[in-house]
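Here are the chains, one letter per residue:
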Amino acid sequence: MSTEDRPPAPRSLAEALRARGDAALGALLRSRPDLITPVPTDLTQLATRAGTRASVVRALERLDRFALQTAEALAVATDPATYGELLGLMAGDDTDPAVVAALPHAVGLLREQALVWGEDDRLRLVRTARELLAPSPQHPSPTGLGPTVQEATAGMSPGRIQEIVTAAGLASTHDSVSAVTALAGLFTDRGRMTALLADAPADSLDVLERLVWGPPYGQVTHDPAPRLRWLLDRGLLLPTAPGTVVLPREVALHLRRGLAHRAPEPVPPVVEAAAVHRPQVVDSAAAGQAYTALATVEELLKDWDEGGPAVLRAGGLSVRDLKRTAVALDVSEPAAAFWVELAYAAGLIASDGEADERYAATPAYDEWREQPPAERWSRLVTAWLAATRTAGLVGGRDAKDRTLSALGPGLDRSAAPEVRHRVLALLAGLPEGAAPAAGSVLARLRWERPLRGDRREDDLRGRLAEWALSEAELLGVTGRGALSAQGRALLGAPPAPAPGPEGEPSGPGDKLPVHHHHRPAPLAPLSPAEQAVASAAAARLLAPLLPEPLDHVLLQADLTAVAPGPLRRPLADMLGVLADVESKGGATVYRFTPGSVRRALDAGQAASDLHAFLAAHSRTPVPQPLAYLIDDVARRHGHLRVGAASAYVRCDDEAVLNEILADKRAAGLGLRRLAPTVLAAQADPAGLLEGLRAMGFAPAAESAEGDVLITRALAHRTPPRAAPEPVPDGPPVPDDTLLAAALRAIRAGDLASTTPRKPGTAPAGNGELPRTGAAETLATMQAAVLTGEALWIGYVNAEGAASQRVIAPVRVEGGFVTAYDHTADEVRTYPLHRITGVAELADDAG
């Protein structure tokens, strides 16, 4: 394209945005969704919003390390800068080829994000970003560079400037401006600066060496040492305040060989594989973890089935209840906090909302239990991926130095879902079966998001990544540290790259040579609909790997039953009532005790029912000791009856009641005889039942009508509860429909605000609505219907929002104008009383 055919260079960010196509504007709005919350009226307002401090800070925080280094280099370059100047600052005098190759992408990213605008010969960093990144005494630049010679000499006397120029070997000038220009020219001339420093004392060069990479400021006394005096006399150090000197930017860049950064990082760190396993081994190990995860969540909810721990006044679980839950699940307290938070995120537990508030299972838990195991797992991991509640924070302190408790407030971290997804996406980029080195994953994440405010926030992001790796292993998303096939499907990731010749499957301790230096395109987070499809695909892959539930156990003579695998639900539920779990593992061991048999009888089972149940579900004959145990407990069960007096005991056998009264252990129950077969007690019925059972009896509770109460293990459920909503990390990314509507509205508003008007018809103020009287507005509209001309109008809608529009009137009647709205690209009808005014367009209006 010739110079004559090239479009004029943009003079502002708004003009640069106006020159973009819809695809480029859409990319900007996707990457910075805060810019369309709410939708700006035109491109000028969009550009203004893109330059606000909050929006620029957010955009800078989302840059990778090299793009951020490029922005930092532009902040210390001249404004505007050429691409060649920027390349010199990034690649240095030695012209690092990796930087040369990566810089066009970085500049393109900054342009896409509207942080940089202008052609390559006039690159401009938006003003707010320059203010944030440019060096100042209060806010040192990440580059370690100080002010320019011109900035550092701004308050210096003309005489002192001339002295410095002369000492540096330059001719004196008639004014300070030309003197400063000459001094800056000397410092940017590689040859002359090399000659000047060749005469410098060695200890003076040592001073420069200490300041060259920053911070560039140093302290001096009123009588500087000779090594400092030599530098001050030649302007190689310039005073900025009493007792403070600074190394000018031009001098530092010469000593750095032109580099703005000590270590440019154009290439992201490679995620290294620490070990590689056969894919089948990884999938099987992950499936085993998935089964354990399901069993653990079921055990937790079973433990809380009749009402869980009390809710603290400030919300959450107490430390004691968390410890008790950890013991019940046979896991550590951090792991218990994770399982509790996972069940809460999946909507399986919540507060019951009663006066004596407790945690309990929700109705959704009963639905979840009836689903196939793979679908139950899919629901858990989908909730985990999206959850912002972070179990790893439990036990830490909040900003007010209060302890953070499980299920309590203060655990939401909006960055958690993004970090989890990115960690798994990095694993998906490794060859199939490869487990990453955790340190290389953290290094890659730090490169991708180097700027996160203070150091505490940086540390949190690293901890989120470490927790994501460990939690993915607990859930069976990974197996032996490598991403499983079901985990890959959960992300919607393509098939894994095949390992090269050097990366054949090996043992868990073998290192995988780094041979995948490519930079795969990052996996984007899925929409809710896409995630539902991906989760279903993951469940289908997992289903055949999970053990098939069994319908039998092996009864043994030592009053135990062995379940060689997972049991089908009716069998597992009944066995959980009839026996106590003694040990878990590949096989579960249940033990029958008098207390467990009595529990089954309390639940309404008869001895004959228990015998029939065991005979039907045991692959071995029912041992005689177990049959005797059931018959013995059943013979004594219900022989005593307990009711409310406060409580009473009745029994047809007076000798049994005499035995109870004579027993010293009954003293605390406050028993007294009411009749030969009835005792009254001061204890409540539940306390009386427990007391008599502790004495070796097997009483049964009865109702007010005298019937035996069947104490089934009725589940305590909360009212219907919704799972907690994740806390968003800023405005959501717009979907295609919203994006198209936003682009259309912005283009419409921009057309209305930039269309040329006839002289004398447009208001003087920029952006003001046209103002005409009702009669003039009506006459102009009617004339435009006859001529077919377009008009510029101001319009105020029913909500009071004002806008500018370009319309072509078709019909005017009944107080309304029907017109083709160029800004909306459709025919609309407007009430005339809401039109503030009308103006004719210039004849050459495009």
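Calculation rules
Residues numbered from 1 in each chain as written. Predicted model: local features only at pLDDT ≥ 70, side-chain atom pairs only at ≥ 80, totals over all residues. Heavy atoms only, no water. Helix = DSSP H or I, 4+ residues; strand = E, 2+ residues; numbered from the N terminus. Buried < 20%, exposed > 50% of the residue type's maximum accessible area, 1.4 Å probe, protein only. Areas by Shrake-Rupley, 256 points an atom, 1.4 Å probe, with all protein chains shown as cover. Pairing = 2+ DSSP bridges. Axes fitted to C-alpha atoms, helices over the stretch in contact; angles between N-to-C directions. Phe/Tyr/Trp six-rings, centres within 6.5 Å; stacked < 30°, edge-to-face > 60°. Lys NZ or Arg CZ within 6 Å of the ring centre and 35° of its normal. Arc of directions from axis to C-beta. Contact = heavy atoms within 4.5 Å. Polar contact = N/O pair within 3.5 Å; in protein donor to acceptor, adjacent residues only side chain to side chain. Parallel < 35°, antiparallel > 145°, perpendicular 65-115°, else oblique. Nonpolar A, V, L, I, M, F, W, Y, C, P; charged D, E, K, R; others polar. Salt bridge = Lys/Arg side-chain N within 4 Å of Asp/Glu carboxyl O. Left-handed = near helix turned anticlockwise from the far one by under 90°. Core = buried A, V, L, I, M, F, W, Y, C linked by side-chain atoms within 4.5 Å. Expected span 1.5 Å × (residues − 1).

**A short note on the overall build of the chain**
(1) Moving on: For the chain, the count of helices and strands is 33 helices and 25 strands.
(2) Moving on: Every one of the 846 residues in the chain was classed for burial, and the buried ones make up 46%.
(3) Moving on: In the structure as shown, the chain presents an accessible area of about 40,500 Å², 55% of it carried by carbon and sulfur atoms.

**Thoughts on the sheet that holds strand S5 (residues 244-246)**
(1) Moving on: Taken in spatial order, the three strands line up as S3-S5-S4 in an open sheet, and their pairing is antiparallel. Both outer strands of the open sheet, strand S3 (217-219) and strand S4 (238-241), are each paired with one neighbouring strand and no more. Ignoring which end each strand starts from, the neighbouring axes of this sheet average 40° apart.
(2) Moving on: Here S4 runs beside S5; their pairing, made up of three bridges, is antiparallel. Across the sheet, Leu-238 pairs through a bridge with Val-246, a residue of S5.

**Here we look at the packing of aromatic side chains**
(1) Moving on: Evaluation of the coordinates by the stated rule reveals four aromatic pairs.
(2) Moving on: The ring of Trp-368 carries Arg-376 above its face, with NZ or CZ at 5.5 Å from the centroid.

**Focus on helix H28 (residues 607-617)**
(1) Moving on: If you check which residues of H28 are buried, you get Ala-607, Leu-610, Phe-613 and Leu-614. Projected onto a plane normal to the axis of H28, the buried residues spread over an arc of 125° and lie on a single side. Those residues of H28 that are exposed and aimed more than 90 degrees away from the buried face are Ser-608, Ala-615 and Ala-616.
(2) Moving on: On its buried face, H28 sits against strand S12 (554-556), helix H26 (569-578), helix H27 (594-602) and helix H29 (624-636).

**Comments concerning the side chain of Thr-390**
(1) Moving on: For Thr-390, the location among the structural elements is in the loop between helix H20 (373-386) and helix H21 (416-428).
(2) Moving on: For Thr-390, a relative accessible area of 3% corresponds to the buried category.
(3) Moving on: In terms of polar contacts, Thr-390 uses its side chain to reach the backbone carbonyl oxygen of Thr-388, at 3.1 Å.

**Let's talk about the side chain of Arg-369**
(1) Moving on: Checked against the element boundaries, Arg-369 lands in helix H19 (residues 363-370).
(2) Moving on: Apart from residues no more than four positions distant in its own chain, Arg-369 is found in contact with Arg-376, Arg-569 and Asp-573.

**Some points on the packing of helix H17 (residues 319-329) against helix H18 (residues 333-345)**
(1) Moving on: Taken N-terminus to C-terminus, the directions of H17 and H18 make an angle of 95°; their axes are 9 Å apart at the nearest point. If you check the angle between H17 and H18, you find them roughly perpendicular. On H18, the residues that touch Leu-322, Lys-323, Thr-325 and Ala-326 of H17 are Glu-333, Ala-336, Ala-337 and Val-340.
(2) Moving on: Looking at the contact of H17 with H18, its residues break down into five nonpolar, one polar and two charged.

**Some details on the pattern of salt bridges**
(1) Moving on: Applying the stated rule across the entire model yields 36 salt bridges.
(2) Moving on: Between Asp-94 and Arg-257 there is a salt bridge; the shortest N-O distance is 3.1 Å. Residue Asp-94 is located in the loop between helix H6 (83-91) and helix H7 (97-112), and its partner Arg-257 is located in the loop between helix H15 (249-255) and strand S6 (273-276); the two are separated by 163 residues in the primary sequence.
(3) Moving on: Asp-398 serves as the salt-bridge partner of Arg-402, at 2.9 Å between the closest nitrogen and oxygen.

**Structural notes on the packing of helix H16 (residues 279-303) against H17**
(1) Moving on: Running from N to C, H16 and H17 point in directions that differ by 125°, and their axes come no closer than 10 Å. With respect to H17, the element H16 is oriented oblique. Relative to H17, the crossing made by H16 is right-handed. Contact residues: H16 offers Thr-296, Glu-299, Leu-300 and Asp-303, while H17 offers Arg-324, Thr-325, Ala-328 and Leu-329.
(2) Moving on: Looking at the contact of H16 with H17 residue by residue, the classes come out as three nonpolar, two polar and three charged.

**Quick word on the sheet that holds S12**
(1) Moving on: Read from one edge to the other, the open sheet built from four strands follows the order S12-S13-S15-S14, with strand pairing classed as antiparallel. Each edge of the sheet is formed by a strand with only one pairing partner; in this case those strands are S12 and strand S14 (580-583). Looking at each pair of strands side by side, their axes are set apart by 30° on average, direction ignored.
(2) Moving on: The pairing of S12 with strand S13 (residues 560-563) spans three bridges and is classified as antiparallel.

**So, the nonpolar core**
(1) Moving on: Leu-17, Phe-187, Leu-236 and Leu-237 are the most contacted members of the largest nonpolar core, which has 90 residues in total.
(2) Moving on: With eight residues, helix H5 (residues 65-76) is the largest single contributor of residues to this core.
(3) Moving on: With 74 residues, the next largest nonpolar core counts Leu-301, Trp-377, Leu-385 and Leu-483 among its residues.

**Overview of the environment of Val-281**
(1) Moving on: Mapped onto the secondary structure, Val-281 falls in helix H16.
(2) Moving on: Note on Val-281: relative accessible area 19%, which makes it buried.
(3) Moving on: The spatial distance from the C-alpha of Val-281 to the C-alpha of Gly-479 is 7.9 Å, given a sequence separation of 198 residues.

**Remarks on H18**
(1) Moving on: An ideal rise of 1.5 Å per residue puts 18 Å on 13 residues; H18 measures up with 18 Å between its terminal C-alpha atoms.
(2) Moving on: Along H18, 10 of the 13 residues are buried, which leaves the element largely enclosed by surrounding structure.
(3) Moving on: Those residues of H18 that fall on the buried side of the exposure criterion are Ala-335, Ala-336, Ala-337, Phe-338, Trp-339, Val-340, Glu-341, Leu-342, Ala-343 and Ala-345.
(4) Moving on: Once H18 finishes, Gly-347 follows within two positions and takes phi at roughly 80°, a positive value.

**Describing unusual backbone geometry**
(1) Moving on: In the segment running from Asp-79 into Pro-80, the intervening peptide bond is cis, with an omega of 0°.
(2) Moving on: By the secondary structure assignment, Pro-80 is in the loop between H5 and H6.
(3) Moving on: If you check the backbone angles, Asp-330 has positive phi at about 60° while not being a glycine.
(4) Moving on: Relative to the assigned elements, Asp-330 resides in the loop between H17 and H18.
(5) Moving on: By relative accessible area, which is 70% here, Asp-330 ends up exposed.

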